[in-house]
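Topology and contacts: notes
Each chain, letter by letter, is given below.
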Amino acid sequence: MHQIDCPWCGVRDEAEFKYRGDATVTRPAAGAGADAFHDYVHTRANPKGWHAEWWHHTGGCRQLVKVLRNTLTHEIRQTARAAEPLAAPSPETTPT
Amino acid sequence: MSQPHRLATGGRIDRSRILLFRFDGRNLQGHPGDTLASALIANGVRLVGRSFKYHRPRGIFTAGPEEPSALVELRSDARREPNVPATVAELFDGLEAASQNRWPSLAWDVGAINARFARFLPAGFYYKTFMWPAAFWERVYEPIIRRAAGLGRAARQRDPDAYEHMHAHCDVLVVGSGAAGLAAARAAGSAGARVILAEQDFELGGGLLSEPAHDDWRKAQLAALREMPEVRILPRTTVLGYYDHNVLGAAERVSDHLPAPPPHGVRQRFWTIRAKQVVLATGAIERLIAFPDNDRPGVMLASAARTYARRFAVAAGRRAVLFTNNDEAYQTAFTLAESGIGIERIVDSRETSAAVEEARRRGFEVLPASEVSGIIGGKSVEAALVRSRHGGAARTVVADLVCVSGGWSPALHLASQTPAKPVWNEKLACFVPGTPVQAERSAGAARGVFGIGEAARDGHEAGRAAAAAAGLEGGATIALPTEVPPAATAIEACWEVKADGEGKSFVDLQHDVTAGDIRLAHREGYSHVEHAKRYTTHGMATDQGKTGGLVGAAVLAAARGEAIERVGVPTFRPYVTPVTIGAIAGRETGRHLKPVRRSPLHAWHVRNGAVLLETGLWLRPLYYPRTGEAGWTPILREARAVRQAVGLCDVSTLGKIDVQGPDAGPFLDRLYTNTFSTLPAGRARYGVMLREDGMVLDDGTTSRLGEQHYLVTTTTAKAAEVLEHMEFHAQTVWPGLDVQLCSVTDQWAQMAVAGPRARQTLQAAVGGRDLSNAALPFMGVAEGVIAGAPVRIFRVSFSGELAYEVATPAGYAEHVWEAILAAGRAFGIVPYGLEAMGLLRIEKGHVAGPEINGQTTARDLGLHRMLKKTGDYIGRVNAGRPGLMDPSRPSLVGIRALTDDFDKRLRGGAHVVSAPEDRHSLGWVTSVTRSVELDRWIGLAMLEGGIDRRGQRLYAVFPLKDEVVEVEITSPHHVDPENARVRA
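Residues numbered from 1 in each chain as written. Chains lettered and ligands numbered in written order. Predicted model: local features only at pLDDT ≥ 70, side-chain atom pairs only at ≥ 80, totals over all residues. Heavy atoms only, no water.

We now examine the overall build of chain A. For chain A, the count of helices and strands is one helix and six strands. Within chain A, the fraction of its 96 residues that count as buried is 34%. Contacts in chain A between residues far apart in sequence, at least 24 positions, make up 43% of those at least 6 positions apart. Surface accessibility of chain A: about 5,100 Å² in total, with carbon and sulfur atoms responsible for 52%. (Helix = DSSP H or I, 4+ residues; strand = E, 2+ residues; numbered from the N terminus. Buried < 20%, exposed > 50% of the residue type's maximum accessible area, 1.4 Å probe, protein only. Contact = heavy atoms within 4.5 Å. Areas by Shrake-Rupley, 256 points an atom, 1.4 Å probe, with all protein chains shown as cover.)

Turning our attention to the interface of chain B and chain A. Taken together, the contact between chain B and chain A spans 24 residues of the former and 26 residues of the latter. Here chain B packs against chain A, burying approximately 2,200 Å² in sum over the two surfaces, 50% of which is carbon and sulfur. In this structure, the connection of chain B to chain A is made through five salt bridges. A salt bridge links Arg27(A) to Glu692(B); the shortest N-O distance between them is 2.5 Å. Where chain B meets chain A, there are 15 residue pairs in polar contact (both at pLDDT 80 or more). Secondary structure elements with two or more residues in the side of chain B that touches chain A: α20 (719-733) and α24 (876-879) of chain B. Here the element with the most residues in the side of chain B that touches chain A is α20(B); it accounts for eight residues. (Buried area = accessible area lost by both parts, 1.4 Å probe. Salt bridge = Lys/Arg side-chain N within 4 Å of Asp/Glu carboxyl O. Polar contact = N/O pair within 3.5 Å; in protein donor to acceptor, adjacent residues only side chain to side chain.)

In the predicted model, chain B carries a mean pLDDT of 94, and the fraction of residues at 70 or more is 95%. What the predictor reports for the complex is a pTM of 0.90 with an ipTM of 0.95. (pLDDT = per-residue confidence, 0-100.)

Our focus in this paragraph is the sheet that holds strand β21 (residues 395-398) of chain B. Residues and elements named next belong to chain B. As summarised here, the arrangement of the three strands in space is β19-β20-β21, forming an open sheet in which the pairing is antiparallel. Of all strands in the sheet, those with a lone pairing partner are β19 (370-376) and β21, marking the two edges. The average angle at which neighbouring strand axes cross in this sheet is 35°, direction not considered. Bridge analysis of strand β20 (residues 383-388) against β21 gives four bridges, and the strand direction is antiparallel. If you follow valine 386 over to β21, its bridge partner there is arginine 395. (Pairing = 2+ DSSP bridges. Axes fitted to C-alpha atoms, helices over the stretch in contact; angles between N-to-C directions.)

A surface patch of like charges, here negative, comprises Asp900(B), Asp901(B), Asp903(B) and Asp935(B). Looking at the secondary structure, you find Asp901(B) in the loop between β43 (891-897) and β44 (911-913). (Patch = residues over 30% accessible without salt bridge, like charges linked within 9 Å, V, L, I, M, F, W, Y side chains within 5 Å. Lys, Arg positive; Asp, Glu negative; His and termini not counted. Charge placed at Lys NZ, Arg CZ, Asp CG, Glu CD.)

Residue and element names in this part refer to chain B. A full pass over the atoms with the stated rule returns 16 aromatic pairs over all chains. Between phenylalanine 667 and tryptophan 734 the ring centres are 6.4 Å apart and the planes differ by 80°, which places this aromatic pair in the edge-to-face class. You can see phenylalanine 667 sitting in helix α19 (residues 664-671) and its partner tryptophan 734 sitting in the loop between α20 and β37 (740-743), a full 67 residues away along the chain. Under the relative-accessibility criterion, tryptophan 734 is labelled buried at 10%. Chaining the aromatic ring pairs together yields one cluster made of Tyr330, Phe334 and Phe364. Across the ring face of tyrosine 54, the terminal group of lysine 504 is positioned such that the distance to the ring centre comes to 4.8 Å. Its guanidinium or amino end placed over the ring of phenylalanine 958, arginine 907 lies 5.4 Å from that ring's centre, counting from NZ or CZ. (Phe/Tyr/Trp six-rings, centres within 6.5 Å; stacked < 30°, edge-to-face > 60°. Lys NZ or Arg CZ within 6 Å of the ring centre and 35° of its normal.)

Glancing now at the environment of Gly475(B). All names here are of chain B. Mapping glycine 475 onto the fold places it in the loop between α11 (452-469) and β27 (506-508). Along the backbone, glycine 475 and alanine 956 are 481 residues apart, and their C-alpha atoms lie at a distance of 80 Å. Glycine 475 has contacts with Ser190, Ala191 and Arg464, leaving out every residue within four places of it along the chain.

Residues and elements named next belong to chain B. For the bond from threonine 418 to proline 419, the omega torsion is 0°, close enough to zero to count as cis. For proline 419, the location among the structural elements is in the loop between α10 (413-417) and β24 (423-425). In this model, proline 574 is joined to tyrosine 575 through a cis peptide bond whose omega is 0°. Within the secondary structure layout, tyrosine 575 lies in the loop between α15 (564-567) and α16 (581-585). If you check the backbone angles, aspartate 935 has positive phi at about 55° while not being a glycine. The backbone phi angle of aspartate 962 is positive, close to 55°, even though this residue is not glycine. Among the secondary structure elements, aspartate 962 is positioned in the loop between β47 (953-958) and β48 (963-970). For aspartate 962, a relative accessible area of 71% gives the class exposed.

Within the largest apolar cluster, 126 residues are counted, with the highest numbers of intra-cluster contacts made by Leu36(B) and Phe291(B). Ignoring anything within four residues of it in the chain, the contact list for Phe291(B) reads Val299(B), Phe323(B), Val372(B), Ile375(B), Val402(B), Val404(B), Val497(B), Lys504(B), Ser505(B) and Phe506(B). Of all hydrophobic cores here, the second largest spans 36 residues; its members include Trp54(A), Leu86(A), Met726(B) and Val877(B). (Core = buried A, V, L, I, M, F, W, Y, C linked by side-chain atoms within 4.5 Å.)

For helix α22 (residues 813-824) of chain B, spanning 12 residues, the distance from its first C-alpha to its last is 17 Å, which sits close to the expected 16 Å at 1.5 Å a residue. Residues of α22(B) that are buried include every one of Ala813(B), Val816(B), Trp817(B), Ala819(B), Ile820(B), Leu821(B), Ala823(B) and Gly824(B), and no others. (Expected span 1.5 Å × (residues − 1).)

Structure below.
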């Protein structure tokens, strides 16, 4: 069970959150074209290691929380409010 | 004589009380403090079960939860529980237990014939033999295998007991209450830490319980811990899972030591423990050695024989042979001898050791460089075959107990779930926990620090360090047990004794896996330890190979010609020991599985005889049958009333989202395919929302209540999803927009007043506000008062009739509802439910869940005019993908049965074809109803060619029920396609 440090509420259990996917993608500008919107919806890096993600605190403050999480070890290194920057996800992965 | 194997003195049992129990129908006696296993031993019962595959006779092999053999059924009827290790079942008065896996009786078992055919039942046998023909598997092989091989029988009745979930937070969780665990808890507790001490046994002390010399220290620690208000001690609690972020799961057997839980009490409790720091003091488990017939009743782990003698005061045999590869096991020989059990031989696989000398000094007959090469006896050990490892014939040593010690393996199951990879320790010949990856540390035997004194010291240090890591420094220094460690010679690995003849050397007693099976797996290419495990099922039984897992890995390593650390052991997974489903489910069973949502008008519906239906979490009225009404009758009556007079429907379950802020309009413009910023205040507009992939997400009406204030309605089913969708976009995609969102679904009751007499009804209910077409036109929004309660009136229609939706704060719901009913009485008002509402919307051709199913676009649903030409909105670009613009995509049409015979029913899910026998489906029927206006079955369908097929005669076929109905393709709007009624 993940324990997520919500920047608004404090440490809360994973059960209160809903995973909302990759926080590194941004919605293309209106005129960006079909390929850009295809990538926005469907193309993901699926990294093994550090990953910036959205977790929606639906069972709490209802804020989207930015979470820097290791997809391999499940370690959470940092959380931030939606408008705040996260430290750039490091490319480092923990060896198996 | 009662309890013939009970020792005259000693033990932690209460001899003053006798407990009566039954095993396979025999009446037996034991004492408080006994386990079922120790009580069976006291009574001289050796044969307690038959093995899984070969039905070999099995006895008691261990004294703890690692037991592979002595699995029994406990209790009877609804409380019958299979596969309980007799070694952990706490004895109580009236306990009823039965052996498993035998027929017709334990002593005479027909299935034992399997053993004769063992050569035909090798590892991988099931895979190889039963692969073909496939159809035989289900009908022939599986039933036979299920009967022949298997464990106990689960109860067939509903579980009568209650279970519950507990959540706990602590600074330091200590798992295990042996010397290391007690010292750790004490150290952490004295530093001021909030401590939970969990012990799987019913008595606290672990290995100390077999060490009378240290009992005073044990008692002193427990007394001190009980004085600490922040220390919680949980006996009978197995920590069985170590999850991410230091969350651990534990099962507490609250009432399993009683015949039944006390009234209103729980049987078991599942704990979710969130610990800042964890100390794993789980001890170590002694290993077996694979030698021929090492599974015979009377072969037992050395430490178990010692535990039975010391803790339970029972003699597991009268004449014992000890077979060991390490010095520690000699303590068993010394203890058994003190208890009056004859030690016939000590067989040591090593050339020499300090313990050999010590034993000889004490007068024991020791055979170094020797091994047990076989067992004489079937249902009980009669003698051991002993031979030199340098060659020569085996000699027979008469004995009824063979104590085996292949060394000790730290119980690192929890540590390896963290998941710290175990590390091989050559000196100790075992895996020890790897470098921690979570906030935990192992202590004592759990990390290979053996001996009471050493373990206590290690635990004390671990407890102190854990408290410090949790931010609590210091604490008292406690007295530790003093122990003069005997000069010990190192263990020398001894995994297997090679068989000369037919005898089976088991590495997994519970699943009947032999050393030969492991080698076979290797020969057949299953050489990875995980593959060998699955091919042989080694370690996959309920004990997860705790006593022989490493032995199997070592046999595999030898077959591969590699070092054991390169082979490794299979991954340990939760649960460390089996847990009942009841404990996991807790209170969330039956009606309590999920919450129930009730409309603010629920009580009225119940009082007025509504038939209720669960839709999602909501309980909604389907219809309100009158006396004698059945089937479609009440539904048609209610729908007809709406078409001809007026009806009242509870639509409170619709999602309602309040949207406010200077940018509320532009925000909604980006969410919806149509425009809301141009909507004047006091008006409502129908809107369609897409997902970013271009499919329709939801639809509904949105009203503008003020310059910066909108109220969005969603469908009942999508309310939560739409709110999340809006929040995600407001917070992360367009954070620059100044807009606030809030669900007000539960704050407002809402009711639809629909039918040609709706205006008259509502006008009579609303005081002092003109509801004429001019004052409140179609899609107009107004505020008003009904019977003193504030209301919002939305002139929207889902039924296709002149209609209003009236919203009022939830607390006024019934009051307003009654007032409207009273006002409508003169006009023939009736309440109508979900079924009539569905009928009306299908007649009108409104899309709902069956059409908006996540795979349809706005174009598919005939909503293309809702797609604005300019400006960005979610889903705009992807909705234009060529595949989604393909004109051959099925699109929405209406269908009508040609016949008015209601027995020829149209069915949702039916395929539409051009001739009854045609196999090419042109589309499918999404929604159907009996129509009150057209007096026949009608429906909506998704059809290739869509509305261009209007007027064609096709067939709706439902082959599963052999149904064929001739239909005409029409506009989806079966009723009032000009939309005149809603504007009346």
